[in-house]
Amino acid sequence: MDHNTHHSGTAHDHPAHPGGHGQGTTWATAMKATLHCLTGCAIGEILGMVIGTALMWGNVQTMVLAITLAFVFGYSFTLFAVVRAGVSLKAAIKVALAADTVSIAVMELVDNGIIALTPGAMDAHLSDWLFWAALLGGFAVAFVITTPVNKWMIGRGKGHAVVHAYH
């Protein structure tokens, strides 16, 4: 997903910028930021689950790989967009860390918590409906919980608001 297309609104849709406090941050802006984060997290997490399952790793090793890849892919979406905007790699890494760390952490905590608490989900295989139901259900709940977190952060010029200075 192209980061700039993802944020296709005008500057008025993004009132929170570094140094400013955007009390007028919209739910739409927060939802777009959360969806951006969720996309990277979902790709990484599903890839980690597939790799761990294919290698017949245990639940802990598979979950650690999935969470690690969720962070890698979550950060990479922002990182590539900011580098494309002409920012140095070192500065872009700082922007990605500032923009996405809390959002990814909340999302991963929620969706992995749901998977862990869903009876049988940790032992389900990729071909089992329970695996996909728990995973996708976890993503849906994580989106609902993370969106207000992102709205709060963007409204204070933090989190995903940091990225808006670069497009």
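Residues numbered from 1 in each chain as written. Predicted model: local features only at pLDDT ≥ 70, side-chain atom pairs only at ≥ 80, totals over all residues. Heavy atoms only, no water.

S.K.: Can you walk me through the side chain of Thr62 in this structure?
M.R.: The topology assignment puts Thr62 in helix 3 (residues 59-84). Of the residues examined, Thr62 reaches a relative accessible area of 7% and is grouped as buried. Here Thr62 is in contact with Gly48, Met49, Gly52, Thr53 and Trp57, once residues within four sequence places are set aside. (Helix = DSSP H or I, 4+ residues; strand = E, 2+ residues; numbered from the N terminus. Buried < 20%, exposed > 50% of the residue type's maximum accessible area, 1.4 Å probe, protein only. Contact = heavy atoms within 4.5 Å.)

S.K.: What should I look at first to understand helix 5 (residues 129-155) in this one?
M.R.: The terminal C-alpha atoms of helix 5, which comprises 27 residues, lie 39 Å apart, in line with the 39 Å expected from a rise of 1.5 Å per residue. Remark: the principal bend of helix 5, roughly 30 degrees, maps to Thr146, with a proline, Pro148, within the next four residues. At the exit of helix 5 stands Gly157, carrying a positive phi of roughly 75 degrees. (Expected span 1.5 Å × (residues − 1). Bend = angle between axes of the 7 residues up to and from the residue.)

S.K.: What exactly am I supposed to notice about unusual backbone geometry here?
M.R.: Of note, the phi angle at Met56 is positive, near 60 degrees, even though the residue is not glycine. By secondary structure assignment, the location of Met56 is in the loop between helix 2 (27-54) and helix 3. The exposure class of Met56 is exposed, given its relative accessible area of 73%.

S.K.: Is there a simple way to think about the environment of Gly155 in this case?
M.R.: Position of Gly155 relative to the elements: it lies in helix 5. Classification of Gly155 as buried rests on a relative accessible area of 9%. Taking the C-alpha atoms as reference, Gly155 lies 9.2 Å from Ala30; in sequence the two are 125 residues apart.

S.K.: Any chance you could explain the packing of aromatic side chains here in plain terms?
M.R.: In this description, an aromatic ring pair is defined by two values, namely the gap between the centres and the angle between the planes. Under the definition given, this model contains 2 aromatic pairs. Here the aromatic rings of Phe71 and Tyr75 are separated by 5.9 Å at their centres, their planes lie at 50 degrees, and the arrangement is tilted. Of this pair, Phe71 and Tyr75 both sit in helix 3, separated by 4 residues, roughly a single helical turn. Note on Phe71: relative accessible area 22%, which makes it partly exposed. (Phe/Tyr/Trp six-rings, centres within 6.5 Å; stacked < 30°, edge-to-face > 60°.)

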